[in-house]
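Spelled out, the chains give:
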There are 2 protein chains.
Amino acid sequence: MRISTKGDYAARALQELSMHYDRGPLQIDAIAERQEIPVRYLEQLLLILKRAGYLESKRGVKGGYSLAKPPHQITLGEIIRLMEGTQAPIFCVDPSSREKCPAEKRCGFQGVLVEVRDAVAHILDSVTFEEICRRARLKIAPRSTSYHI
Amino acid sequence: MRISTKGDYAARALQELSMHYDRGPLQIDAIAERQEIPVRYLEQLLLILKRAGYLESKRGVKGGYSLAKPPHQITLGEIIRLMEGTQAPIFCVDPSSREKCPAEKRCGFQGVLVEVRDAVAHILDSVTFEEICRRARLKIAPRSTSYHI
DNA sequence: GGTATCTCGATAAAGTCAATCGAGTTACTC
DNA sequence: GAGTAACTCGATTGACTTTATCGAGATACC
């Protein structure tokens, strides 16, 4: 699995939105500025997230984006899969691909690659954005033990 | 981590050479044919493997490539790293990269990505080409319990 | 001397990634 | 109801990477 800027930016945007959850919409410009993402590119990514049901948007003055569900119901794994297309390290162990490996019958490492894929998926699917927020807050204010959303 | 044809082809070539270990050199054409790899492309990959010390070559009639060390001393992990450049899912957790993440101070998922990187490395580094041969042979002749190199 | 084979660097075709742009549409505010 | 702030959407572009392909050469064996 490789994470390109697409998945990276999307995850970072969702982190910002999670940290702002229940406090009204956040504007594209604000997210882009805080995470140093090109605005016009972020625009596209937020649209993808919206169409997939993760975000709600509001137009006009005081508009912006907000989460369509609480941070603890969104995992990093689903976002990466949505943005990157797959998590498989190689096409022959990609469940969403129907392309078949020509050497499958004499391939000794396909099994290993399946293990890799599953290990990665297990880690990413077990982390929600609530957890990501918690970790981000620990970095920003390491001494704080309180927990605000 | 993503495995492109480069790492894929290299690993498959090494598998062929491992299965032929101690039985003299194998020619590029033979390897290419068995694994359905473009000959002129495989040529380049074998050169990389040779320069890195994994292969020996012999020119002229009955020449070809052979392993420079026994299959159990080569891991899939080192080959993937050699061919793909890195195993890190993203630049900010790539130990060989000096590029720094601009958002590190407020990033909640860098830790998760480190976990992913280490999990992948652990799996790939624990598999040698001896093991890969064993698995390939099981596929080719599932009933055989004998073990030949 | 001739043939089989590896060696090496240059080049090219194709695809992907990461934006950038322009022209909308919607909704709020005054 | 005019104006402005904000999201929407599709097209395009430039750079880069991947995946080869090619031609000419060097080496070893018979």
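Novice: Whenever I open this one, the protein's contact with DNA strand C confuses me. Can you help?
Specialist: Taken together, 25 residues lie near DNA strand C, and R40 and R59 of chain A together with K50, S57 and Y65 of chain B sit nearest. Across the atoms of DNA strand C situated within 4 Å of the protein, the share located in sugar and phosphate is 61%. Between DNA strand C and Q44 of chain A there is a distance of 2.6 Å, counted from a base oxygen to a side-chain nitrogen or oxygen. Between DNA strand C and Q27 of chain B there is a distance of 3.2 Å, counted from a phosphate oxygen to a side-chain nitrogen or oxygen. Elements that contribute at least two residues to the surface near DNA strand C include exactly α1 (5–19) and α3 (39–51) of chain A together with α3 (39–51), β1 (55–58) and β2 (64–67) of chain B. Element by element, the count of residues in the surface near DNA strand C is highest for α3 of chain B, at four residues. Along the lines of polarity and charge, the residues of the surface near DNA strand C split into eight nonpolar, eight polar and nine charged.

Novice: Quick question: what am I supposed to make of the packing of aromatic side chains here?
Specialist: For any pair of aromatic rings, the description consists of the separation of the ring centres together with the inter-plane angle of the planes. Residue and element names in this part refer to chain A. Enumeration according to the criterion identifies two aromatic pairs over all chains in this entry. Where Y9 meets Y41, the ring centres are 5.8 Å apart and the plane angle is 80 degrees; that geometry is what we call edge-to-face. Residue Y9 is found in helix α1, and its partner Y41 is found in helix α3; the two are separated by 32 residues along the sequence.

Novice: What should I look at first to understand the interface of chain B and chain A in this one?
Specialist: Where interface size is given, it is often the accessible area lost as the parts come together that is meant. If you look at the interface, chain B gives 40 residues, while chain A gives 40 residues. Summing both sides of the interface, chain B and chain A together bury roughly 3600 Å²; the carbon and sulfur share of this comes to 62%. It is R106, F109 and K139 of chain B that lose the most area in chain B upon contact with chain A, and together they represent 20% of the buried surface on that side. Here R135 of chain A ties to E115 of chain B by a salt bridge, and the two come within 3.8 Å at their closest N and O atoms. Counting every contact that joins chain B to chain A gives seven residue pairs in polar contact (both at pLDDT 80 or more). Listing elements by their share of the side of chain B that touches chain A, those giving two or more residues are α1 (5–19), α2 (28–35), α5 (110–125) and α6 (129–140) of chain B.

Novice: So what exactly am I meant to see when it comes to the relation of the copies chain B and chain A here?
Specialist: One copy of the chain maps onto the second through a rotation about an axis and a displacement along it. Screw-axis analysis of chain B against chain A gives a translation of 0.0 Å along the axis, an RMSD of 0.1 Å, and a rotation angle of 180 degrees. Both copies of the chain, as the preceding transformation shows, are related through a two-fold rotation axis. Of every C-alpha in chain B, the one belonging to M1 of chain B sits nearest the axis of rotation, 2.2 Å from it. Interface residue correspondence from chain B to chain A reaches 100%, placing this contact among same-surface, isologous pairings.

Novice: Would you mind showing me how to read the packing of α1 of chain B against α3 of chain B here?
Specialist: In a pair of packed helices, the angle between the axes and the distance between the axes together describe the arrangement. Residue and element names in this part refer to chain B. Orientation of α1 relative to α3, taken along the N-to-C sense of each, is 75 degrees, at an axis distance of 10 Å. Taken together, the axis directions place α1 and α3 in an arrangement best described as roughly perpendicular. Here T5, K6, Y9, A10, A13 and L14 of α1 come into contact with α3, specifically with Y41, L42, L45, L46, I48 and L49. Considered class by class, the residues forming the contact of α1 with α3 number 10 nonpolar, one polar and one charged.

Novice: I'm lost on unusual backbone geometry in this one. Help?
Specialist: Apart from glycine, the bulk of residues carry a negative phi angle, and the bulk of peptide bonds sit in the trans form. Phi is positive for K62 of chain A, close to 65 degrees, though the residue is something other than glycine. Residue placement: K62 of chain A occurs in the loop between β1 (55–58) and β2 (64–67). Of the residues examined, K62 of chain A reaches a relative accessible area of 71% and is grouped as exposed. Phi is positive for D22 of chain B, which is not a glycine, with a value near 70 degrees. Following the sequence through the fold, D22 of chain B ends up in the loop between α1 and α2. According to the relative accessible area criterion, D22 of chain B is exposed, its value standing at 68%.

Novice: Looking at this model, I keep getting lost on helix α6 (residues 129–140) of chain A. Mind explaining?
Specialist: Residues and elements named next belong to chain A. An ideal rise of 1.5 Å per residue puts 16 Å on 12 residues; α6 measures up with 16 Å between its terminal C-alpha atoms. Every buried residue of α6 is listed here: F129, I132, C133 and A136. Looking down the long axis of α6, one finds its buried residues gathered within 100 degrees of arc, a one-sided arrangement. Its buried side turned inward, α6 meets α1 and α4 (76–84).

Analysis parameters
Residues numbered from 1 in each chain as written. Chains lettered and ligands numbered in written order. Predicted model: local features only at pLDDT ≥ 70, side-chain atom pairs only at ≥ 80, totals over all residues. Heavy atoms only, no water. Near = heavy atom within 4 Å. Polar contact = N/O pair within 3.5 Å; in protein donor to acceptor, adjacent residues only side chain to side chain. Helix = DSSP H or I, 4+ residues; strand = E, 2+ residues; numbered from the N terminus. Nonpolar A, V, L, I, M, F, W, Y, C, P; charged D, E, K, R; others polar. Phe/Tyr/Trp six-rings, centres within 6.5 Å; stacked < 30°, edge-to-face > 60°. Contact = heavy atoms within 4.5 Å. Buried area = accessible area lost by both parts, 1.4 Å probe. Salt bridge = Lys/Arg side-chain N within 4 Å of Asp/Glu carboxyl O. Least-squares fit on C-alpha atoms with pLDDT ≥ 70 in both. Axes fitted to C-alpha atoms, helices over the stretch in contact; angles between N-to-C directions. Parallel < 35°, antiparallel > 145°, perpendicular 65-115°, else oblique. Buried < 20%, exposed > 50% of the residue type's maximum accessible area, 1.4 Å probe, protein only. Expected span 1.5 Å × (residues − 1). Arc of directions from axis to C-beta.

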